[in-house]
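Structural features, examined
Read off the chains here:
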Amino acid sequence: MVRRIDVSGAGGVRLAAWEFADSPKIDPPRGDPSGTGTPSGESGTGSGTASGEIERAPGVLLLHGLMGRASHWAPTARWLSERHRAVALDQRGHGQSEKPPEASYTRGAYVEDAEAALEQLDLGPAVLIGHAMGALTAWQLAAKRPDLVRGLVICDMRASALGAASQREWENWFKAWPVPFATLADVRKWFGEDDPWVERPNPSRGEFYAEVMAESPDGWRPVFEPEQMLKSRETWVYDAHWEELTQVRCPALVVRGLDGELGRAESQEMVRVLPNGQYAEVADAGHLVHYDQPEAWRAAVEPFLDEALR
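Notes on the structure follow. (Residues numbered from 1 in each chain as written. Predicted model: local features only at pLDDT ≥ 70, side-chain atom pairs only at ≥ 80, totals over all residues. Heavy atoms only, no water.)

**Side note on the pattern of salt bridges**
- Inspection of the entire model under this criterion finds 21 salt bridges.
- A salt bridge links glutamate 19 to arginine 3, with the nearest nitrogen and oxygen atoms 2.3 Å apart. Residue glutamate 19 is located in strand E2 (residues 14-19), and its partner arginine 3 is located in strand E1 (residues 3-8); the two are separated by 16 residues in the primary sequence.
- The class of arginine 3 is partly exposed, set by a relative accessible area of 39%.
- Linking glutamate 19 and arginine 85 is a salt bridge whose minimum nitrogen-to-oxygen distance equals 3.0 Å. Within this pair, whereas glutamate 19 is found in strand E2, its partner arginine 85 is found in strand E4 (residues 85-90), the two being separated by 66 residues in sequence.
- Taking relative accessible area as the criterion, arginine 85 reaches 10% and is therefore assigned buried.
- Salt bridges here are not isolated pairs; linked through shared partners, they connect Glu115, Glu119, Lys144, Arg145 and Asp147. (Salt bridge = Lys/Arg side-chain N within 4 Å of Asp/Glu carboxyl O. Helix = DSSP H or I, 4+ residues; strand = E, 2+ residues; numbered from the N terminus. Buried < 20%, exposed > 50% of the residue type's maximum accessible area, 1.4 Å probe, protein only.)

Take a look at the structure:
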């Protein structure tokens, strides 16, 4: 089952939220004559009682990184859905969400979008799981609205400022893309092998980028506008984000890929700064931790969720 739910984000931007599996069924409370129970998330907020109220499955909102899309979370969402109501959001400018050129692509807009999703989908208080830019959005929302967030997973996102050199590097990288790509096989090969940012062949990276391409009359092009990605990125790369980490009161897990962009020293400092922080690292994984090593990613995250959602 794949289900799309439309959400109205900041400034009325239409966002696509996705469920990739049915939410778990809840055992019927005593006195339920049907004996069937009710799908979680549809009614009731309390624990099972003779009056018919049921306990909802805990909510999880999954936030992808820059250039990503909700479908990158599909495998994670499916195993989460064994016990939780897991929803992945296509953020503004990404996936099947709207990409209006006149819209705001600021940090505040991304945070307000996630806030709107939690409220309109009745997910909160939820666990937020974010990768890269999505992780920054997650911890900024956790600091802003602690009533909506009961747990936080930060995947391979730095809290330190990256600076002007980093932004210029990204601008040059986008210019190096040989778009349009003739075939999806060309996409996979370039991003998995030929991209100058690739140190060694990485098939999962090629698959990751193939998933954000769409066929056009002249070949395969990204579903996002690179200019909007740069505009989004420039709203965070010049600033450090340690202060918001100190304001996160819920349990938080910092996960890094051993070969990712978040170094061990910085990740451990993030854990120290978080009032209730924990640490995990995934071997043989780069920046795309959940995509590179899905089983190891699950092993790192699932025990934390068990504790945070108890």
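**Brief notes about the nonpolar core**
- Residues Leu61, Met67, Trp139, Leu152 and Ile154 are the most contacted members of the largest nonpolar core, which totals 68 residues.
- Per-element tally for this core: the top contributor is helix H3 (residues 133-144), with 8 residues.
- Leaving out residues up to four positions away in the same chain, leucine 61 has contacts with Val87, Leu89, Ala114, Ala117, Leu118, Leu123, Val127, Leu128 and Ile129.
- In this structure, Trp73, Trp79, Val282 and Ala300 belong to the second largest nonpolar core, which totals 30 residues. (Core = buried A, V, L, I, M, F, W, Y, C linked by side-chain atoms within 4.5 Å. Contact = heavy atoms within 4.5 Å.)

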